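Understanding the architecture of this molecule
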Amino acid sequence: GGDGGDGGGGGRVGAAELLRRLWDAWEPQLELELAAEACSSAGSSRGGACASAAAAQRQLDRRRRTLSSERVGAQLAASRGTEALALAEAKSVIVQGNTRKFRGERCFRRCKRNGACEHCGTDLCCRKGWDANESRSGGGPAESGCGGLGGEGKHVCTRVPAIDANATARESFAEALAAHLVLLPTARSFAAPVSLAHVASDLGLALNSSKRRSGGPAATESADAAPPWRGVGRAGEAFCGSTPDGRKGSRRWLSCGGLGDHHGGDLEAQGELEAAVAARAWVAGPGERPELVLTYANEAGTAWVTNLVLSLRSVGVDHSLIVTPSAAHCSALFSSPARLSCGHTSWEVPGCSRKMRNKMRTLWYLRHHYMVRLIDLGVNTLMLDGDITLHGNPYALLKAPPLARHQLLYSLDHRNFCDEVNIGFMYCQGCARRGRAQWVVNETLRRERSFCSPDANAVYGDGGTFFAATDAAGVTSPPHRPRLWASAQDQKVMSDVLASSCCGKDVYRKLIPYHYTLLDKAAFARHFYPTGRCNEMKRERGNGAGGCHYAPLLLYNSSDGAPPPPETMATVPWRVLSSWHGTGDGERAGWSGSWLSEPPAFAHFVGGDVSGTKVALMEALGVWYFEADEVVQHVRTALGLPPANPTGGGLPPQLLQSGCAADLAQHCWADWALLPPPPRPAAGRGAPLLAPAGGGGRPCRSALAFAIWRRRECSSGEGPSMQKACCIDA
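Here the structure is a predicted model, which is why all the values come from computation and not from measurement. (Residues numbered from 1 in each chain as written. Predicted model: local features only at pLDDT ≥ 70, side-chain atom pairs only at ≥ 80, totals over all residues. Heavy atoms only, no water.)

Examining the overall build of the protein
Looking only at helices and strands, one finds 24 helices and 20 strands in the protein. Counting only residues that meet the buried cut, the protein has 53% of its 730 residues in that class. Residue pairs in contact within the protein that sit at least 24 positions apart in sequence constitute 67% of those at least 6 positions apart. Total accessible area on the protein stands at roughly 31,200 Å², and carbon and sulfur atoms take up 52% of it. (Helix = DSSP H or I, 4+ residues; strand = E, 2+ residues; numbered from the N terminus. Buried < 20%, exposed > 50% of the residue type's maximum accessible area, 1.4 Å probe, protein only. Contact = heavy atoms within 4.5 Å. Areas by Shrake-Rupley, 256 points an atom, 1.4 Å probe, with all protein chains shown as cover.)

So this is what it looks like as structure tokens:
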């Protein structure tokens, strides 16, 4: 549409109107954050303005919980019914049809290797003598299942008696192939044979291809572990995707199905981090550094971290590890149907006083702590927040020029400056031990430790060393009191450290930890801010991923001896990562709709809350895995907690209670029942109604955001952004 308004009656909303609405939604939230920051300072927490800000924040939180609880009442039953139908059709029409159609026909062009391939159905693609050449087949006879059978001098779809004569194994094999087809509609062949433990047992063959590329024993499952989802092996192979982008060698980054899982101990204990790296890091080839994706969560973040890991698996990446502050939480994640590999940690920000220590601060900074340790171990580490989804295997882009030449990669939050990054995405590749990149992460930890230590007042308070020069020069004046809270504090601290390294001087532009009275603005900027344009990054042109912006890292720990080798930081282009709000220079914003036709490899939903909830947006774009909600319920049950309300994911908790999916009207929503949708209106889309199960009461329209938005049937003007609240009280 143009830049006009929607004209009423459900017309298309123009760009200017959409931006106005986004800004109108963002301003109150920004005001709340600023008010909360002001109220956190000493002596101002009891005022009327602070009470109003707290009440407004609680109201906003209630609205978000309500929206989450209203979400997709019928989706669980509908999606499972649709999936069951699709699996049955894929099994009968494609898998069993291909078995009859292509038996004895050439298959290597479609299958690319010996073994299981949907093109051959329940037959295997085999060539006599091919198994003996491990450099071509990727494994011996036991791995492919061909057992020496196959075509003479060519690969053909081959009937293997051990499969064909065993009806139970044959059916299980067909169901597994159908599951791959349904879950991975773009796949044309398997990167590895199908992995199903019970099929392998029935056949007496080693069809499981989880050939470990790193040492360490396979983890054992606990006795109370939930059964994995149908077709899911011990490391979640049924969720494995295969999305090479056509570049030479891109398949070597497909780790899903090639690693064992890991249930580790306390990562601070001797040898535990090394064991986790041995089990979960992926080595793509000779001479390559190990690669590891690290993320983090407490119990409240279970849904997010599960969705992230399943999204990684969907593009073929499973060399991931979740770090949790709780051993019980890690055990519950590992015993869930998703089989999430994890380790727990007893680490806390060293030296923090109890007043300044909190769970979120520990979560924020433990990722930096482990980044430092993994650099010491020579591991390339990709740190990801849970509000990221994957739309393609990213390594072909990260490992190509120009990004391959830089060590510390981030995404941009605003302009092309060293201190304008978003650290929800951070990748350290080839970072030298005791080098310049490691100094950035270490200095971030040092600053946070100094801000919250019991001795902080002696440094930053009245008469302390931090403001001594500016107070004496009449640039600032006391009182200097702690700033107890700041939004995105970890990001602000690291941004200042990056600017320090780019400029070669201490910079405190984003966050000064104590309050002060400003007397001379220009002198203050000269003292604490970057001087000139020292923190501006340079443009470097690149390949199909687009160019990047980069800057040399200047600072390092001089006490370590000789200067370390040169290292640089860089920000990734939009094809690698874009955010929902799209405020980074060059990004393609998610709200613009561009992700529907050309999504980035990493979609970061930062800023998505202004459009309802991030989960609602993920549902709308089809990138929220409802299995994440099931994992939440498993974790809460394992920890002895009541059912989540909301789950933190896309489904109301009632839909995940026992028996709920089997009969919504009998078991779900407590005193509410799901009624059939009304007749389709002339315009728009009929939606299911929720009404009291015993009759009476007022029914209400459910906010089926994903169904409305995915089909772009918003002509009625009741799209997800317009669905404020319904008649269900969370």
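Points about the confidence of the model for the protein
Interpretation of this model should avoid reading the predicted coordinates in detail wherever pLDDT is low. Looking at the protein, the pLDDT average stands at 74 and 66% of residues meet or exceed 70. Within the model, the stretch residues 243-249 combines pLDDT values under 50 with 15 contacts to residues more than four positions away or in other chains. (pLDDT = per-residue confidence, 0-100.)

Brief notes about the packing of aromatic side chains
Scanning all chains against the criterion turns up 19 aromatic pairs. Ring centres of Phe 451 and Tyr 460 lie 5.5 Å apart, and the angle between their planes is 75 degrees; on these two criteria the pair is classed as edge-to-face. Assessed through its relative accessible area of 5%, Phe 451 is described here as buried. Judged by its relative accessible area of 3%, Tyr 460 is buried. Ring pairs connect the aromatic residues Phe 451, Tyr 460, Phe 466, Phe 467, Tyr 508, Tyr 514, Tyr 516, Phe 524, Phe 528 and Tyr 529, which therefore count as one cluster. (Phe/Tyr/Trp six-rings, centres within 6.5 Å; stacked < 30°, edge-to-face > 60°.)

Looking at the pattern of salt bridges
Following the criterion strictly, the structure yields 24 salt bridges and no others. Notably, a salt bridge pairs Glu 288 with Arg 252, separated by 2.9 Å at the nearest N-O pair. Highlighted residues: Glu 288 in the loop between helix H10 (272-280) and strand S4 (291-296) and Arg 252 in the loop between helix H9 (197-203) and strand S3 (263-266), separated in sequence by 36 residues. Judged by relative accessible area, which is 30%, Glu 288 ranks as partly exposed. Here Lys 399 makes a salt bridge to Glu 291, at a shortest N to O gap of 2.8 Å. Of the two residues, Lys 399 is situated in the loop between helix H14 (395-398) and strand S9 (408-412) and Glu 291 in strand S4; the sequence distance between them amounts to 108 residues. (Salt bridge = Lys/Arg side-chain N within 4 Å of Asp/Glu carboxyl O.)

Focus: the state of the cysteines
Under the counting rule described, the total for this entry stands at eight disulfides. The disulfide that involves Cys 107 links it to Cys 125, with 2.1 Å between the sulfurs. Torsion about the S-S bond of the Cys 107 and Cys 125 cystine: about 90 degrees, corresponding to right-handed handedness. Taken together, the residues Cys 107 in the loop between helix H3 (75-102) and helix H4 (108-111) and Cys 125 in strand S1 (residues 124-126) connect sequence positions 18 residues apart. Across the disulfide from Cys 418 sits Cys 502; the S-S distance is 2.2 Å. Torsion about the S-S bond of the Cys 418 and Cys 502 cystine: about -95 degrees, corresponding to left-handed handedness. Of the two residues, Cys 418 is situated in the loop between S9 and strand S10 (421-428) and Cys 502 in helix H18 (residues 489-503); the sequence distance between them amounts to 84 residues. Of the two residues examined, Cys 418 and Cys 502, each falls in the buried class. (Disulfide = S-S within 2.5 Å.)

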